[in-house]
Amino acid sequence: MKEELSSVFRALDHPIRRGILDLLKLSPKTTTELNDFFPDVTRYSIMKHLNILEEGNLVIVRREGKYRRNFLNAVPLQEVHNRWVGKFVQTAASSLINLQTTVEQGRKNTMATNNNQFHIEQEIFMNAPREKVYKALTKDVQDWWEFRLAPKDQSSQLTFNPVLGGQFIEKWGENKGAIWGNVYYVNAPEEIRLQGHLGMQGAVNSAYTYRLIEKDGGTLLQLSHTASGIIKEDWEQEHTNGWNYLLGTLLKNYLENK
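About the criteria used
- Residues numbered from 1 in each chain as written.
- Predicted model: local features only at pLDDT ≥ 70, side-chain atom pairs only at ≥ 80, totals over all residues.
- Heavy atoms only, no water.
- Core = buried A, V, L, I, M, F, W, Y, C linked by side-chain atoms within 4.5 Å.
- Buried < 20%, exposed > 50% of the residue type's maximum accessible area, 1.4 Å probe, protein only.
- Helix = DSSP H or I, 4+ residues; strand = E, 2+ residues; numbered from the N terminus.
- Contact = heavy atoms within 4.5 Å.
- Phe/Tyr/Trp six-rings, centres within 6.5 Å; stacked < 30°, edge-to-face > 60°.
- Lys NZ or Arg CZ within 6 Å of the ring centre and 35° of its normal.
- Polar contact = N/O pair within 3.5 Å; in protein donor to acceptor, adjacent residues only side chain to side chain.
- Pairing = 2+ DSSP bridges.
- Axes fitted to C-alpha atoms, helices over the stretch in contact; angles between N-to-C directions.
- Parallel < 35°, antiparallel > 145°, perpendicular 65-115°, else oblique.
- Left-handed = near helix turned anticlockwise from the far one by under 90°.
- pLDDT = per-residue confidence, 0-100.
- Nonpolar A, V, L, I, M, F, W, Y, C, P; charged D, E, K, R; others polar.

### Here's the deal with the nonpolar core
Now for step 1: Counting residues in hydrophobic clusters, the biggest one holds 44 residues, and the most contacted among them are Trp 144, Trp 145, Tyr 210, Trp 243 and Leu 247.
Now for step 2: Counting residues per element, this core draws most heavily on helix H8 (residues 235-257), which supplies nine residues.
Now for step 3: Each residue touching Trp 145, except ones within four places of it in the same chain, is listed here: Leu 158, Phe 168, Trp 180, Tyr 210, Trp 243 and Leu 246.
Now for step 4: Core analysis: the next-biggest nonpolar cluster, separate from the first, contains 18 residues, Leu 21, Phe 38, Leu 50 and Val 59 among them.

### With respect to the packing of aromatic side chains
Now for step 1: Applying the stated criterion across every chain, the model contains ten aromatic pairs.
Now for step 2: Among the aromatic residues, those joined into a cluster by ring pairs are Trp 144, Trp 145, Phe 160, Phe 168, Trp 180, Tyr 208, Tyr 210 and Trp 243.
Now for step 3: One residue, Arg 193, lies across the ring of Tyr 185, its end atom 3.9 Å from the ring centre.

### Side note on the side chain of Glu 121
Now for step 1: If you trace the backbone, Glu 121 turns up in strand E4 (residues 113-126).
Now for step 2: Side chain to side chain, Glu 121 and Arg 62 meet in a polar contact 3.1 Å long.
Now for step 3: The contact partners of Glu 121, leaving out residues within four places of it in the chain, are Ile 60, Arg 62, Phe 71, Leu 72, Asn 73, Leu 223 and Ser 224.

### Considering the side chain of Thr 30
Now for step 1: Structurally, Thr 30 is set in strand E1 (residues 29-30).
Now for step 2: Among residues more than four places away in sequence, those in contact with Thr 30 are Tyr 67, Arg 68, Arg 69 and Asn 70.

### A word on the sheet that holds E1
Now for step 1: In space, the three strands of this open sheet follow the order E1-E3-E2, with antiparallel pairing throughout. Both edges of this open sheet fall to E1 and strand E2 (59-64), since each of them pairs with a single strand only.
Now for step 2: Relative to strand E3 (residues 67-72), E1 is paired through two bridges, and the arrangement is antiparallel. Its bridge partner being in E3, Thr 30 is matched across the sheet by Arg 69.

### Observations concerning the packing of helix H7 (residues 130-137) against H8
Now for step 1: Interaxial distance between H7 and H8 falls to 11 Å at its minimum, and their mutual angle equals 120 degrees. As judged from the angle between their axes, H7 and H8 are oblique. Crossing handedness for the pair H7 and H8: right-handed. Taking contact as the criterion, the partners of Lys 132, Val 133, Ala 136 and Leu 137 in H7 are, on H8, Leu 247, Leu 251, Tyr 254 and Leu 255.

### Points about the confidence of the model for the protein chain
Now for step 1: In the predicted model, the protein chain carries a mean pLDDT of 85, and the fraction of residues at 70 or more is 84%.
Now for step 2: Across residues 88-112 the pLDDT falls below 50, and counting only partners more than four positions away or on other chains, this stretch makes 42 contacts in the model.

### Observations regarding the pairing of strand E7 (residues 176-187)
Now for step 1: As paired elements, strand E6 (residues 167-172) and E7 share six bridges and run antiparallel to each other. Each residue of the ladder has a partner; that of Glu 170, found in E7, is Ala 178.
Now for step 2: In sequence, E6 turns back onto E7 through a hairpin of three residues, with Gly 173 there showing a positive phi of about 60 degrees.
Now for step 3: Bridge analysis of E7 against strand E8 (residues 191-195) gives five bridges, and the strand direction is antiparallel. Each residue of the ladder has a partner; that of Tyr 185, found in E8, is Arg 193.
Now for step 4: Two successive antiparallel strands, E7 and E8, enclose a turn made up of three residues.

### Looking at the packing of helix H2 (residues 15-26) against helix H4 (residues 43-55)
Helix-helix packing is characterised by the crossing angle of the two axes and by the distance between the axes.
Now for step 1: Remark: H2 packs on H4, axes separated minimally by 10 Å, with the N-to-C direction vectors making an angle of 75 degrees. Classified by the angle between their axes, H2 and H4 sit roughly perpendicular to one another. Each of Ile 16, Arg 17, Ile 20 and Leu 21 in H2 lies in contact with H4, whose residues at this interface are Ile 46, His 49, Leu 50, Ile 52 and Leu 53.
Now for step 2: Classifying every residue of the contact of H2 with H4 gives seven nonpolar, one polar and one charged.

### Things to note about the environment of Lys 171
Now for step 1: Examined against the element boundaries, Lys 171 turns out to sit in strand E6.
Now for step 2: Excluding residues that lie within four positions of it along the chain, Lys 171 makes contacts with Ser 155, Ser 156, Gln 157, Lys 176 and Gly 177.

### Points about unusual backbone geometry
Most of the time, phi is negative for any residue but glycine, and the peptide bond is trans.
Now for step 1: With an omega dihedral of -5 degrees, the bond running from Ala 188 to Pro 189 counts as a cis peptide bond.
Now for step 2: Mapping Pro 189 onto the fold places it in the loop between E7 and E8.
Now for step 3: In this structure, Asp 216 takes a positive phi of about 50 degrees despite not being glycine.
Now for step 4: By the secondary structure assignment, Asp 216 is in the loop between strand E9 (204-215) and strand E10 (218-232).

Structure representation (C-alpha cells):
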C-alpha cells in the first residue's frame, strides 16, 4: 500500500501531469491530442509524463490501431480519499456519488441531452484470489452492491446469474423490479460482459465488462463501460463516480476486510 501511494503522489507532483488528468477527466484522448494542449512541451516529454501517470495507475492505456488512447482512472484518488477523509464524511460522500442521483435526475426533464456516447475505463487491484473476486461480482452481489432502483421506502433483493442469457436483477414488492444487466459473454472466472442501462433512461445502448487478471498474489479488476444514444450531460461523470465507489470502495472493502 505504501508503494502504491508513493507512485500516486509522485504522479501528481507536476503541473503538466495534473493538467493531463484534468483533460482526461473531460474525455479520453490520444497522445497526439494531449500533446496539442501543451505546445511548448515535446511529445517525448508528454510520453514520459503519461508513463509516470500510468505507473501510478491514474491513466489506463488502450490501443486502437496505431493510436494510443488514454483514459483517466480515478480509483487511486478515491482510495487516498477513503484513507484520510472518507471515514469522517462517508455518509455525505456516498450520497454525492450515489448512482441513485442519476436515477432521480433521470425523472426530470430539465437537464440538457446529447446524441452522444461515453467510454469509461477503470482498474482496481483487489488483494483477493480471482475466483473470490468473480464470486463477489456475481453470486454475492447482494452483500456489497449499495445502489438500488427500488423506491427508497422499499427494500429490494439483488440476484446475478452468471451464465449466458442470465440476468442481474433487482426485485421488490410484488412483481416489481428492474434489470441491471443481461449476460451476453462469459469466460469464468476471467471475464463477463453485460448489457444494461445502469439507471439511464430512454434511447440508450449500454454495455459493461469485468475482466479479472491474476497479479501479485491478488486480482486486477478491469472495468469497461460504454454507452451511446441520448446521453444526458452529467451521466458520464455520475457513472464514473458511481463505479469508483462501487468497485474501489464497496467491493474492495468487502473482499479485503471480510
